[in-house]
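# Structural description and commentary
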Amino acid sequence: MTFKRSEFPKGFQFAAATSSYQIEGHGHGGAGPTHWDTFAATPGNVVRAENGAIACDHYHRMDEDLDLMQGLGLDAYRFSTSWARVLPEGRGTPNADGLDFYDRLVDGLLKRGINPMATLYHWELPAALADLGGWRNPDISHWLADFATVIMRRIGDRVYSAAPINEPWCVAWLSHFMGHHAPGLRDIRAAAHAMHHVLTGHGRAVQAMRALGVKNLGAVCNFEYVHPADDTAEAAAAARLYDGIYNRFFLGGLFKGAYPPEVMEGLAPHMPKGWQDDFDLIGQPLDWCGLNYYTCKRIAPVKGAWPGHGEVPGPLPKTQMGWEIYPEGLEYFLKWVDTEYTKGLPLYVTESGMANADRADQPDQARIDYLNAHVAAAQRAMAAGAPLKGYTFWSLMDNYEWALGYEKRFGLIHVDFETLKRTPKASYHALAAALAS
Ligand code: FCB
């Protein structure tokens, strides 16, 4: 690596991230069905109809995985708690094995000197709640707060930090407007409701965790740097609207008590009743803000219904996802979020990484280069004053990449999905050396 731990302030948290459905193996341990199971079982939604029933079998291999984290020299580990593992019906009677599992995970981390960073919801909604409308139903904020209470009563005294929801844009827009993720809807009313309820859910879950005394609460949003596809005014307007929906809507709700006007031009007629009255709930004081960042997009106008924009391919080198590599975007967002929204609040990079067609017996130099370039971008932002307190690599290990199944490999650790054997990649060893330095 071109960076060393010694270049970072004392207490800076180097972390790796995963999420529950992507690694645990949802077929084990009494977890209830989720909307990802049913989405994956519906033809055409997921590559080869793959699902998270076994995934990396982390449920049974937790100790081995914890040892690998320790070998990497991590300060922290960002994981998520599966709602359906803890509450198989989404509400009601908890699954004792599920609570025990997260209890052992937190203790196993602490025993190895690794700080547990918890996310309550990383996308596997219990199917029983999907039946009730999921994120379209305003009651979901109460359901999420109740789940927060059940899980945090068990682990909240020992987590380093907690955030309610991973990536509101994916939960709401990608899943209810674009239809790419569960529940696979393409409906503007469903999307408008989900966009708002994901934030009321955030607010109520923060309240519930504060009431229990859980410390260090934040929000995790994802960002894409937006380039207009060309120099026309039409492309500039299309890019501005894409940026509003993707990058400014959720931050606006969380930190400014308002949604971007150009987004509301399209969404206002479809919003849930009384949405204007919810900003006190949404804008709960937070202790930090997390940024997930992977790529940039080129946006062009498209004829047709609002929002009337689409992506065109760009010229930069791309990852296995087809995503352009653009570290400058990370530097930009760390500075921009601080100056425009969070104003001095601690920031964390909560995800950053690349997919690569890795084999266990080949060095993943492309990932080493990607991580170096993005960490350097974060260091430039810090030098310019961004209050960055930690940097999280996505992902600890190869895992279930949602609609793209198991073929997109994001891990520092290779996983053979036939044998479930873990093999640290060259990037793992390089990072371990950088963190030991
Ligand atoms: C993020 C998700 C994570 C993973 C990476 C590649 O949007 O939070 O689960 O899929 O992208």
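This text follows the structure it describes.
An account of the accompanying structure is given in this report. Quantities reported herein were computed from a predicted structural model and do not represent experimental measurements.

Right, let's talk about the side chain of Lys408 for a bit. Assignment of secondary structure puts Lys408 in the loop between β9 (388–394) and β10 (413–415). Side-chain polar atoms of Lys408 contact the backbone oxygen of Gln320, separated by 3.5 Å. Contacts of Lys408, omitting those with residues within four sequence positions, involve Gln320, Met321, Ala355, Asn399 and Glu401.

What follows concerns the site of the ligand. Every residue close to the ligand is listed here: Gln22, His122, Trp123, Asn166, Glu167, Tyr294, Glu351, Trp394, Glu401, Trp402 and Phe410. The contact in question runs from an oxygen atom of the ligand to an N or O atom on the side chain of Glu167, over 2.5 Å. Within the side chain of Trp402, an N or O atom sits 3.1 Å from an oxygen atom of the ligand. About the coverage of the ligand: the protein hides 95% of its 290 Å² of free accessible area. When the residues that make up the shell around the ligand are grouped by side-chain class, the tally is 5 nonpolar, 3 polar and 3 charged.

Where helix α3 (residues 58–72) meets helix α5 (residues 96–111), the axes come as close as 10 Å, and the angle between the chain directions of the two elements is 10°. Taken together, α3 and α5 sit at an angle that is classed as roughly parallel. Along its contact with α3, which presents His58, Tyr59, Met62, Leu66 and Met69, the element α5 presents Asp97, Phe101, Arg104, Leu105, Gly108 and Leu109. Its residues assigned to classes, the contact of α3 with α5 comprises 7 nonpolar, 2 polar and 2 charged.

Relative orientation and spacing of two packed helices are given, respectively, by the angle between their axes and the distance between those axes. Two elements in contact, helix α10 (residues 233–256) and helix α13 (residues 328–342), have axes whose closest approach is 10 Å; the angle formed by their N-to-C orientations is 40°. Considered as vectors, α10 and α13 are oriented oblique to each other. Considering the relative orientation of α10 and α13, their crossing is right-handed. Where α10 approaches α13, its residues Asn247, Arg248, Leu251, Gly252, Phe255 and Lys256 are matched on the opposing element by Phe333, Trp336, Val337, Glu340, Tyr341 and Thr342. Here the residues of the contact of α10 with α13 sort into 6 nonpolar, 3 polar and 3 charged.

On to the nonpolar core. Within soluble globular proteins, side chains that are nonpolar generally end up buried alongside one another. Counting residues in each nonpolar core, the largest one holds 141 residues, and the members touching the most others are Trp83, Trp135, Met152 and Leu334. Excluding its chain neighbours within four sequence positions, the residues that come into contact with Trp135 are Tyr121, Leu125, Ile140, Leu144, Ile165, Val171, His176, His193, Ala194, His197 and Val198. Grouped together as the second largest cluster of nonpolar side chains are 7 residues, Ala76, Val220, Trp288 and Tyr348 included.

Calculation rules
Residues numbered from 1 in each chain as written. Predicted model: local features only at pLDDT ≥ 70, side-chain atom pairs only at ≥ 80, totals over all residues. Heavy atoms only, no water. Helix = DSSP H or I, 4+ residues; strand = E, 2+ residues; numbered from the N terminus. Polar contact = N/O pair within 3.5 Å; in protein donor to acceptor, adjacent residues only side chain to side chain. Contact = heavy atoms within 4.5 Å. Near = heavy atom within 4 Å. Areas by Shrake-Rupley, 256 points an atom, 1.4 Å probe, with all protein chains shown as cover. Nonpolar A, V, L, I, M, F, W, Y, C, P; charged D, E, K, R; others polar. Axes fitted to C-alpha atoms, helices over the stretch in contact; angles between N-to-C directions. Parallel < 35°, antiparallel > 145°, perpendicular 65-115°, else oblique. Left-handed = near helix turned anticlockwise from the far one by under 90°. Core = buried A, V, L, I, M, F, W, Y, C linked by side-chain atoms within 4.5 Å. Buried < 20%, exposed > 50% of the residue type's maximum accessible area, 1.4 Å probe, protein only.

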